[in-house]
Amino acid sequence: MSDKLSDSDGDASPMRRQPSGATPVFVYGSLLWQPVLQTLIGRIPRAKPVLLTGYERSRVKGARFPAIMEVSNGAAPAAIRGVLLEDLNTWEAAVLDAFEDDEYEKRLISAHVVPSLQEDAFSWAQQGFCDGDLQNGLQQTSALAYVWTVKTMLDILWQPSRDFVPHEYEYLVMCDTFVREELPGNLREPALAAGAGLAALRLSSRRSAKSYAEEIAGLFAEDRGKGPTSDALMRLSGLGSAIAVTSELALRLEADGIARIERISTDCVELESQGCSQARSVPQLSVYIVRQRSQAL
């Protein structure tokens, strides 16, 4: 749920979060999208659909993600759909703790379990609340949730179709950067070993764009069985002389209907040269591609 805000409009300070242990974690925002979880921890945990009452879900100002705060008079506009992540291990829960901004407090809440759901729990939770959701006799269960603490930083009610879905791939790139560059080593190593982060392919000028295109088409074909919720997002990168191959490959994949170009970025990478104490700066082209929908069927 985080864009890792750096400034706070209030007096919130970093809080030590209790380990989740065997207690499930209630999620209600960007973590309802399976590609986000896959990028952060390398898998999709077991999920149970639940409803949360007595809280309001609002957009954090200047961000794509929401936050919940308890409504003191109990006049919340509607129940909030979410899921309980039931089988997080110790390092996975710690990754989510690190991902959430300091303004969140990890707190024990009581949620209502939705029985006999006929659809995927994540897909159900991404949709808005329906009047028939709150049935009599729903079983209550305890869970840990990330609850916002600075009311002045909240905006209007969060609507996924407006505030998150159009920016999902941009958000996944941010999650990948978080895993690779911001996680402490004791969490980054198991996360990457488990498959967290975006798929990445560093290109060489010694290979042709055509051979790379055939390899990527095969990788995307292997991923078809995971369904449309797991659209493959891949980062292609080339240094120096490989920039031309990277550009040609991205254009070829798009022209052939294999993938579409989602984002392009350029930067410089500092490389150490053998026998030279001074690093040299090498230009780099990164192209983020998304598997075309036809490839996901």
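Residues numbered from 1 in each chain as written. Predicted model: local features only at pLDDT ≥ 70, side-chain atom pairs only at ≥ 80, totals over all residues. Heavy atoms only, no water.

**A few points about the nonpolar core**
Residues F26, V36, L40, I109 and W148 are the most contacted members of the largest nonpolar core, which totals 68 residues. Apart from residues lying up to four places away in sequence, L40 is in contact with L31, V95, L96, F99, C175, F178, V179, A191 and A196. Ranked by size, the runner-up nonpolar core spans 18 residues in total, among them L203, Y212, M234 and L236. (Core = buried A, V, L, I, M, F, W, Y, C linked by side-chain atoms within 4.5 Å. Buried < 20%, exposed > 50% of the residue type's maximum accessible area, 1.4 Å probe, protein only. Contact = heavy atoms within 4.5 Å.)

**Focus: the environment of T23**
Along the chain, T23 falls in the segment before β1 (25-27). Note: C-alpha distance between T23 and L88 (65 residues apart in sequence) is 9.0 Å. Excluding anything up to four places from it in sequence, T23 contacts L108, S142, A143 and L144. (Helix = DSSP H or I, 4+ residues; strand = E, 2+ residues; numbered from the N terminus.)

**Points about the packing of helix α2 (residues 90-99) against helix α5 (residues 168-182)**
Running from amino to carboxyl end, α2 crosses α5 at an angle of 110°, the nearest separation of the two axes being 12 Å. Here α2 is positioned roughly perpendicular relative to α5, judged by the angle of their axes. Handedness of the crossing formed by α2 with α5: right-handed. Note on element contacts: α5 touches α2 through Y171, M174, C175 and F178, opposite V95, A98 and F99. Counted by class, the contact of α2 with α5 contains 7 nonpolar, no polar and no charged residues. (Axes fitted to C-alpha atoms, helices over the stretch in contact; angles between N-to-C directions. Parallel < 35°, antiparallel > 145°, perpendicular 65-115°, else oblique. Left-handed = near helix turned anticlockwise from the far one by under 90°. Nonpolar A, V, L, I, M, F, W, Y, C, P; charged D, E, K, R; others polar.)

**Digging into the side chain of T39**
Within the fold, T39 resides in helix α1 (residues 34-41). When sequence neighbours within four positions are dropped, the list of residues in contact with T39 reads L172, C175, D176, V179, A196, G197 and L198.

**A word on the sheet that holds strand β9 (residues 199-203)**
Judged by pairing direction, the sheet is mixed, and its 4 strands sit side by side in the order β9-β10-β12-β11 without closing on themselves. Every interior strand has two partners, whereas the edge strands, β9 and β11 (259-271), have only one. Strand-to-strand twist of the sheet, defined as the mean angle between neighbouring strand axes without regard to direction, takes the value 20°. Judged from the 5 bridges that link them, β9 and strand β10 (residues 233-239) form a sheet pairing that is parallel. Within β10, the position partnered with L203 by the bridge is G238. Helix α7 (residues 209-222) rests against β9, β10, β11 and β12 (280-291) of the sheet, and its axis sits at about 170° to β9. Running at roughly 10° to β12, helix α8 (residues 243-255) makes contact with β9, β10, β11 and β12 of the sheet. (Pairing = 2+ DSSP bridges.)

**Observations concerning α8**
Helix length check: α8 (13 residues) gives 18 Å between terminal C-alpha atoms against 18 Å at 1.5 Å per residue, within 8%. Considered for burial, the residues of α8 that qualify are V245, T246, L249, A250 and L253. In an axial view of α8, the angular spread of the buried residues amounts to 130°, which keeps them on one side of the axis. Those residues of α8 that are exposed and aimed more than 90 degrees away from the buried face are A244, L251 and A255. (Expected span 1.5 Å × (residues − 1). Arc of directions from axis to C-beta.)

**Observations concerning the packing of aromatic side chains**
The final tally for this structure, using the stated rule, is 9 aromatic pairs. With 6.5 Å between their ring centres and 90° between their planes, F99 and Y171 make a pair best called edge-to-face. In this pair, F99 sits in helix α2 while Y171 sits in helix α5, placing the two residues 72 residues apart along the sequence. Clustering of aromatic rings is evident, with ring pairs tying together W33, F99, W158, F164, Y171 and F178. (Phe/Tyr/Trp six-rings, centres within 6.5 Å; stacked < 30°, edge-to-face > 60°.)

**Quick notes on the environment of F164**
Locating F164 in the fold gives a position in the loop between α4 (160-163) and α5. Excluding anything up to four places from it in sequence, F164 contacts S30, W33, V36, R64, W158, Q159 and Y171.

Read these as layout, nothing more, since geometry by itself doesn't imply function.
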